[in-house]
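Breakdown of the fold
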Amino acid sequence: MAEPGRSAAPTVPRARGDVARRAAGSAAAGCTVAGAVAVTLAVVAGPGPGLTGYVSEAGIAGSAHAATYRIGILALAGALLLIGAALPPGVWAAAPALLATGAVFTAVSGAVTCSDGCPLPPFERATAADLVHGGASIAATAAVVFAMITLAVSGPAGRTVRRLAGVAAALALPLSATVGLAMLVVGRGPLVGVLERLILALAVLWGLSTATALALCKEPHAVRSFR
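Description of the packing of helix H4 (residues 128-152) against helix H6 (residues 190-216)
Across the interface, H4 lies against H6 with an axial gap of 11 Å and an inter-helix angle of 45°. Compared by their axis directions, H4 and H6 come out oblique. Of the two possible hands of crossing, H4 and H6 adopt the one that is left-handed. Taken together, the residues of H6 that come into contact with H4 (itself represented by Thr141, Val144, Met148 and Leu151) are Ile199, Ala203 and Trp206. Within the contact of H4 with H6, the residues separate by chemical class into 6 nonpolar, 1 polar and no charged.

Okay, here's the thing in structure tokens:
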């Protein structure tokens, strides 16, 4: 039996770590909402081509809502970093690494704007900035989807986080594959526009629900950490 005064000592840093993770989860939820609202406002209020175009067209140079769009994208990038910071100890290291990678590429996609129409091959002639922007956007989406898969099979993540990740991954994988195939076969149009918005909306909903679950901290690992 541990001596009095020593058994409780290890719980202090654990408790502080749990508080920090809950705070990171709360901040991640706030950034996700703020980012999604800003991007949505920029897309809806902008003069873009509606569902036939890409979401990124709201951020092209010269757009009246470009600043709002970029702020929203940066907020979403921050949310990914904060979700990674809010994950409990013992989660596979690949999960926070993938979220950090997704955050970096998301920030790059917001910083490097595409030209008018955000053209991409093989049907349109693209500039270097278009390729960087498009590549960063694709890499960011892929990193987030792989993070979902990793969390879905990582036991220490907790039951709720695993279930949210599993459902999101099951929906995101076929959607992502369909978007990629449509871009290569059909190109720009209503099909790609709608599918792109669906995958982005799914990523935002997953991020918000996961951040909220981590902020509430009702998973079994949180209970064990105070024992």
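Comments concerning the state of the cysteines
Counting across every chain of the model gives 1 disulfide. Disulfide pairing is shown between Cys114 and Cys118; the S-S distance is 1.8 Å. Across the pair, Cys118 and Cys114 agree in class, each one buried.

Some thoughts on a nonpolar patch on the surface
Together, Leu181, Leu184, Val185, Val186 and Leu191 line one region of the surface with nonpolar side chains, adding up to about 500 Å² of accessible area. Here the element with the most residues in the nonpolar patch is helix H5 (residues 159-185); it accounts for 3 residues. Tracing the sequence through the fold places Val186 in the loop between H5 and H6. Under the relative-accessibility criterion, Val186 is labelled partly exposed at 47%.

Focus on the side chain of Thr150
Locating Thr150 in the fold gives a position in helix H4. Beyond its immediate chain neighbours, meaning those up to four positions away, Thr150 contacts Trp92, Ala94, Ala95 and Leu98.

Observations regarding the environment of Ala23
Mapped onto the fold, Ala23 is located in helix H1 (residues 11-45). Accessibility expressed as a relative area gives 47% for Ala23, which makes it partly exposed. For the pair Ala23 and Leu214, spaced 191 residues apart in sequence, the C-alpha separation works out to 9.0 Å.

What to know about the pattern of salt bridges
Within this structure, the stated rule accounts for 2 salt bridges. Glu196 is the salt-bridge partner of Arg197, the closest N and O atoms lying 3.7 Å from each other. The pair Arg197 / Glu196 is uniform in exposure class, with both members buried.

Conventions and cut-offs
Note on numbering: residues in each chain are counted from 1, in written sequence order. Two thresholds apply to this predicted model, a pLDDT of at least 70 for residue-level local features and 80 or more for giving and counting side-chain atom pairs, whereas whole-chain, interface and lining totals are computed over all residues. In computing side-chain values, all of the structure's heavy atoms are included and hydrogens and water are not. Under this scheme, a helix contributes an axis fitted over its contacting stretch, all axes are lines through C-alpha atoms, and angles between N-to-C directions fall in the 0 to 180 degree range. A run of DSSP states H or I qualifies as a helix once it reaches four residues; a run of E qualifies as a strand once it reaches two. Both are numbered from the N-terminal end. Roughly parallel here means an angle under 35 degrees, roughly antiparallel means over 145, roughly perpendicular means 65 to 115, and every remaining angle is called oblique. With the far helix as reference, a near helix turned anticlockwise by less than a right angle produces a left-handed crossing, and one turned clockwise produces a right-handed crossing. By definition, residues are in contact when any of their heavy atoms lie within 4.5 Å. In this classification, Asp, Glu, Lys and Arg are treated as charged, Ala, Val, Leu, Ile, Met, Phe, Trp, Tyr, Cys and Pro as nonpolar, and every other residue, Gly included, as polar. Our working definition of a disulfide is a cysteine sulfur pair at a distance within 2.5 Å. A 1.4 Å probe rolled over the protein chains alone gives each residue an accessible area, and that area as a share of the maximum for its type sets the label: buried under 20%, exposed over 50%, partly exposed in between. Patches here are clusters of residues that have more than 30% relative accessible area and form no salt bridge, with a 9 Å joining cutoff for like charges and a 5 Å cutoff for nonpolar side chains (Val, Leu, Ile, Met, Phe, Trp, Tyr). Method for areas: the Shrake-Rupley scheme with a 1.4 Å probe, in which residue coverage is limited to the protein chains shown. We count a salt bridge whenever a side-chain nitrogen from Lys or Arg sits within 4 Å of a carboxyl oxygen from Asp or Glu.

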